[in-house]
Amino acid sequence: MNLPATQTELWDDFIDEIKCSIPRQSFLTWFGPMRLTAINNGELTVQVPSQFYYDWIEEHYSEYINSALDKTFGDGFKLSYSILERGTREVLKLGPAKSPYVAGQKPPKDSHLNSRYTFDNFIEGDSNSFAKAGALAVAEAPGKTRFNPMVIFGGVGLGKTHLIQAIGNFAVQNKTSRRAIYASSEKFTFDFITSVRENKTTDFSNLYRSTDILLVDDVQFLEGKERTQMEFFHTFNTLYNAGKQVVLTMDCPPSELKRTEARLISRYQCGLVVDIQPPDYETRVAILQKRADEDSLFLGEDVIETIAANITSNVRELEGALIRLMAHASITGQDIDIFITKRLLRDVLKSKFSKVSVERIQEAVSEWVDIPSDLLRGNSRKKEIARARQISMYLCDELTNLTLKSIGSHFGNRDHSTVIHAVTVAKKTLADNDNLRREVMEIRRKLETSF
Ligand code: ADP
Ligand code: MG
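This is a predicted model, so every value here is computed, not measured.

**Q** Before we go on, may I ask you to explain the site of ligand 1 in this structure?
**A** Taken together, 19 residues form the shell around ligand 1, and within it Ile 123, Gly 157, Thr 161, His 162 and Glu 319 come nearest. Measuring from a nitrogen atom of ligand 1, one finds a side-chain N or O atom of Asn 128 at 3.4 Å. Within the side chain of Thr 161, one N or O atom sits 2.7 Å away from an oxygen atom of ligand 1. When the residues that make up the shell around ligand 1 are grouped by side-chain class, the tally is seven nonpolar, seven polar and five charged. Here the shell around ligand 1 spans two domains, since at least three of its residues come from each of domain 2 (110–276) and domain 3 (285–350).

Structure follows, in structure tokens:
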């Protein structure tokens, strides 16, 4: 349908607004397929590909949507959704965006807290348990522990924003404090600059200095902004001296902030400084399992293990992978198996896969079962040899980028249907036998980490 030009322009602004506030991959996945179909009486109707999209968007992005709507269309505008059922034209109509909050639990709007981040849905592992324990202690008694300020540092996508937001949400919900304000460093800077420009610096100070908990995310971005940094220093001191809680995150230890005044750095260090490390394998598996469960996506252990074994750098990338699988499942209605996973995640899995050779796999398996590796390539039907061969092919399928045909060529020129059969049997054998599966996973882990 044709909408008036002004409305489509506003819609473009709205989309841009969302694009700037969420990760690119998520934006492409969830907002890429969204189409505006009508605007009536303050209600924008958009079309999305499936019920799953609607649920996901509502659950994860309604706060961004509402704030982007406020900014672009103005107060009071709402989104409602129509769903494009597969195979048919349009239609199930769903009501306007609902609030994701349970009544009474909604964080106040100006707190900028996102209720999605809680301690409950933060998975603990060796890499982050100290940070989580510290954060929880702070949330239970803000300003009353020696953990003031609290600084959480670590690389991207490891859960710093999640934890700092969880502190605010916990404190507000459990009423351990009256007010909490979350601000990214960019937001803090932006608010400060705007207040200077509009001669409203008193409003700015009143806002940030009247809170019981101040949560400032990614403080490294204040570097090099002298006036903002000075203002931040005063805000910090005022709150600190009044016994209020300050929590900060940064991407490196405070001592490594290069362009930050020494007096500020020493302030940062006088409470609790904790780091978050990249999650270990078990934590990655736990995070994937929990996320998949939350979104009712069924993933086999082999799928979860493959993702966890290959995406090792941070949690955001793990989520990105899951999101792609979910979008696929929801659009096609297909269950996600290991083959689909490998296809969909080829770009993120590839670099690892391509490094393991068939020969290395055959050697590793032959060492494990103590059978010369040429028997794996030969025709013997002896049970243990056949099983080792199947498992080798399964590992080749998992760990290399080779086609089934080319895998077959490394196993005495077997054809691709023989490889499919072998892989299927191997998977079943592994699924039925925990000990065996554990041993094979160990071989796999060694192969993946041995270069
Ligand atoms: P950072 O701020 O350190 O860059 P985020 O807090 O934004 O990272 O985390 C990236 C994503 O990963 C978020 O969606 C967050 O909810 C999720 N996440 C990170 N760590 C965990 C964890 N331990 N358990 C569950 N989800 C996590
Ligand atoms: Mg962050």
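The structure having been displayed, the exposition proceeds.
**Q** Please explain the pairing of strand S6 (residues 180–184) as it appears in this structure.
**A** Consecutive side chains along a regular strand alternate between the two faces of the sheet. Among the five residues that make up S6, four are buried, leaving the element largely enclosed by the rest of the structure. One ladder, built from five bridges, connects S6 with strand S7 (residues 213–217); its direction is parallel. Bridge assignment links Ile 181 to a residue of S7, and that residue is Leu 214.

**Q** How do you make sense of helix H6 (residues 185–197) when you look at a structure like this?
**A** Think of an α-helix as 3.6 residues a turn; residues three or four steps apart then line up on the same face. With 13 residues, H6 should reach 18 Å at 1.5 Å per residue; the first-to-last C-alpha distance of 18 Å fits that figure. Contact partners of the buried residues in H6: S6, helix H7 (201–209), S7 and helix H8 (226–241). After H6 finishes, the residue Asn 199 shows a positive phi value of roughly 55°.

**Q** Sorry if this is basic, but what is going on with the pattern of salt bridges here?
**A** Should their charged atoms come close, side chains of opposite charge can pair. A full pass over the atoms with the stated rule returns 16 salt bridges. Where Glu 124 meets Lys 132, a salt bridge forms, and the shortest distance between an N and an O atom there is 3.4 Å. Overall, the relative accessible area of 45% leaves Glu 124 in the partly exposed class. Taking the shortest distance from any N to any O, the salt bridge between Arg 263 and Glu 261 comes out at 2.7 Å. According to the relative accessible area criterion, Arg 263 is partly exposed, its value standing at 37%.

**Q** Explain the pairing of strand S5 (residues 150–153) to me, please; I cannot follow it from the model alone.
**A** In S5, alternate side chains face the same way, and those of Met 150 and Ile 152 on one face and Val 151 and Phe 153 on the other are all buried. Bridging between S5 and strand S8 (residues 245–250) involves four bridges; their strand directions are parallel. When the bridges of S8 are listed, Val 151 appears paired with Leu 248. Sheet analysis places S5 next to strand S9 (residues 272–275), joined by four bridges and oriented parallel. The partner of Met 150 across the bridge, within S9, is Leu 272.

**Q** When you look at the domain arrangement of the protein in this model, what are you seeing that I'm missing?
**A** Often the size quoted for an interface is simply the accessible area lost on bringing the parts together. Assigned domains of the protein: these are domain 1 (5–94), domain 2 (110–276), domain 3 (285–350) and domain 4 (354–448). Between the C-alpha centres of domain 1 and domain 3 there is a distance of 25 Å. Facing the 11 residues of domain 1 at the interface are nine residues of domain 3. Overall, the association of domain 1 and domain 3 removes approximately 900 Å² of surface from exposure, summing both partners, and the carbon and sulfur fraction of that is 67%.

**Q** Explanation requested: a negative patch on the surface in the structure shown.
**A** A cluster of acidic residues, Glu 9, Asp 12, Asp 13 and Asp 16, forms a negative patch at the surface. As for its position among the elements, Glu 9 is in helix H1 (residues 5–21).

**Q** Explain the side chain of Ser 111 here, please?
**A** Mapping Ser 111 onto the fold places it in the loop between strand S4 (92–96) and helix H4 (129–140). When sequence neighbours within four positions are dropped, the list of residues in contact with Ser 111 reads Ala 180, Ile 181 and Tyr 182.

**Q** Whenever I open this one, the sheet that holds S8 confuses me. Can you help?
**A** Strand pairing in a sheet relies on backbone hydrogen bonds, with the paired strands running either antiparallel or parallel. Pairing is parallel across the open sheet formed by five strands, whose spatial order is S6-S7-S8-S5-S9. Both edges of this open sheet fall to S6 and S9, since each of them pairs with a single strand only. Adjacent strand axes in the sheet meet at a mean angle of 15°, parallel and antiparallel pairs treated alike. Across the face of the sheet, helix H5 (residues 160–173) comes into contact with S5, S6, S7 and S8 while running at roughly 165° to S7.

Cut-offs applied
Residues numbered from 1 in each chain as written. Chains lettered and ligands numbered in written order. Predicted model: local features only at pLDDT ≥ 70, side-chain atom pairs only at ≥ 80, totals over all residues. Heavy atoms only, no water. Near = heavy atom within 4 Å. Polar contact = N/O pair within 3.5 Å; in protein donor to acceptor, adjacent residues only side chain to side chain. Nonpolar A, V, L, I, M, F, W, Y, C, P; charged D, E, K, R; others polar. Domains from an automatic or database assignment. Buried < 20%, exposed > 50% of the residue type's maximum accessible area, 1.4 Å probe, protein only. Helix = DSSP H or I, 4+ residues; strand = E, 2+ residues; numbered from the N terminus. Pairing = 2+ DSSP bridges. Expected span 1.5 Å × (residues − 1). Contact = heavy atoms within 4.5 Å. Salt bridge = Lys/Arg side-chain N within 4 Å of Asp/Glu carboxyl O. Buried area = accessible area lost by both parts, 1.4 Å probe. Patch = residues over 30% accessible without salt bridge, like charges linked within 9 Å, V, L, I, M, F, W, Y side chains within 5 Å. Areas by Shrake-Rupley, 256 points an atom, 1.4 Å probe, with all protein chains shown as cover. Lys, Arg positive; Asp, Glu negative; His and termini not counted. Charge placed at Lys NZ, Arg CZ, Asp CG, Glu CD. Axes fitted to C-alpha atoms, helices over the stretch in contact; angles between N-to-C directions.

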